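# Examination of the molecular architecture
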Amino acid sequence: MAERLLVGALKGGKRTKIVTLNGKKITKMPSALEKLSGLKILSLKSNLIPKVCPEISALTQFQNLQLKEFYCEGNPLLLRQPVHAVEQEDVWSLQEIASRFVMNQLAENNLLLMQAIESYPQIRSIISRGKECAICGKSFLTTCLECVEFVPPSKNWKISKNLQLIPLQILICSYKCFNRRGPDLFGIAQV
């Protein structure tokens, strides 16, 4: 049944605006969907899809298509099994240490450093890639820990009514900050 619906959508080509394959027991996202350049709404609710294929990742990032709505609730996309993480000693490169110092001094409006940095475009380029730790608020260059926090969606978003939480990427500068996180912040692990 799902195959027939997908073939019909592919025959429509650019004219296909909505694809709904809810509850079809699909175990893999159809990569052929990337060929539907006019697709606006994709609904794959209540299937058995364990991961997002690269083509669909591109769809949701609006690179190839102008996808406006993507519904995927009821799929095992996230493992909800805690994994014990081995805490590692934070060992940073000299560039990371210097970048953190410079970025944090600039955040405190250190005038001497602000004037000195104007003469070094390479340093400005490096520290422009800096990020802010969600726990301590300090700047860092390389991502130490990537986490996720599940938050209620904004009332202005057009989403499924039964979607209660969405994942929000959170970056943390060190294990010290990771150990200070709240109970709703989870580290992301490659398993």
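Here's a quick rundown of the structure. Residue numbers restart at each chain and count upward from 1, following the sequence in its written direction. For a predicted model such as this one, the threshold for reporting local features is a pLDDT of at least 70, and the threshold for listing and counting side-chain atom pairs is 80 or more; totals across whole chains, interfaces and linings nevertheless cover every residue. Just so you know, side-chain values use all the structure's heavy atoms and leave hydrogens and water out.

### Concerning the overall build of the protein
Put simply, DSSP H or I for four residues or longer makes a helix, DSSP E for two residues or longer makes a strand, and each gets a number counted from the N terminus. A count of helices and strands for the protein gives six helices and eight strands. Ordering the α and β elements of the protein from the N terminus gives α-β-β-α-β-α-α-α-β-β-β-β-α-β. For the protein, with 191 residues in total, the buried portion stands at 32%. A 1.4 Å probe and the Shrake-Rupley method give the accessible areas. Residues count as covered only by the protein chains that appear here. About 13300 Å² of surface is accessible on the protein, with carbon and sulfur atoms providing 55% of the total. The cut-offs for exposure are 20% and 50% of the maximum accessible area for each residue type, with area from a 1.4 Å probe on protein chains only; residues under the lower value are buried, those over the upper are exposed, and the others partly exposed.

### Points about the sheet that holds strand β8 (residues 185-187)
Whether two strands pair comes down to DSSP finding at least two bridges between them. Read across the open sheet, the three strands follow the order β7-β6-β8; overall the sheet is antiparallel. Where the open sheet ends on each side, the last strands, each with one partner, are β7 (166-172) and β8. Strand after strand, the sheet turns through a mean of 35° between neighbouring axes, direction not considered. Relative to β8, strand β6 (residues 145-151) runs antiparallel, the two sharing three bridges. Opposite V148, over in β8, you have F186 as the bridge partner. Every axis in this analysis is a line fitted to C-alpha atoms, fitted for helices over the stretch in contact. Angles between the N-to-C directions lie between 0 and 180 degrees.

### Points about the pairing of β6
Of the strand pairs in this sheet, β6 and β7 are connected by seven bridges, and their pairing is antiparallel. Across the sheet, F150 pairs through a bridge with P167, a residue of β7.

### Side note on helix α3 (residues 94-107)
At 3.6 residues per turn, the α-helix brings residues three or four places apart onto the same side. How far a helix is expected to stretch is found by multiplying one less than its residue total by 1.5 Å. Given a rise of 1.5 Å per residue, 14 residues ought to cover 20 Å, and the 20 Å separating the end C-alpha atoms of α3 matches this to within 8%. Residues E96, S99, R100, V102, M103, N104, Q105 and L106 constitute the buried set of α3. In what follows, a contact means two residues having at least one pair of non-hydrogen atoms within 4.5 Å. Turning to α3, the residues buried within the fold contact α4 (111-117), α5 (121-127) and β5 (139-140). Just downstream of α3, N109 is the residue with a positive phi angle, here 60°.

### Considering the side chain of S99
As for its position among the elements, S99 is in helix α3. As used in this structure description, the phrase polar contact means that two N or O atoms lie within 3.5 Å; if the pair is within protein, one of them must be able to donate a hydrogen and the other to accept it, and residues adjacent in sequence are counted only when both atoms belong to side chains. A polar atom in the side chain of S99 sits 2.7 Å from the backbone oxygen of Q95. Excluding residues that lie within four positions of it along the chain, S99 makes contacts with I126, I127 and L141.

### Quick notes on the packing of aromatic side chains
The aromatic pairing rule takes the rings of Phe, Tyr and Trp, using the six-membered ring of Trp, and pairs them if the centres are within 6.5 Å, calling planes under 30 degrees apart stacked, those over 60 edge-to-face and the rest tilted. What the rule picks out here adds up to two aromatic pairs. Residues Y175 and F178 carry aromatic rings whose centres are separated by 6.3 Å and whose planes lie at 85° to one another, so their mutual orientation is edge-to-face. Here Y175 pairs with F178, and both are found in helix α6 (residues 175-178), just three residues apart, close to one helical turn. Judged by its relative accessible area of 12%, Y175 falls in the buried class. Here F178 falls in the buried class, since its relative accessible area comes to 12%. Should the NZ of a Lys or the CZ of an Arg lie within 6 Å of a ring centre and within 35 degrees of the ring normal, that charge is described as sitting over the ring. Above the face of the W92 ring, R100 is positioned so that its terminal group lies 3.7 Å from the ring centre. The ring of F178 has R181 sitting right over it, with the charged end atom 3.9 Å from the ring centre.

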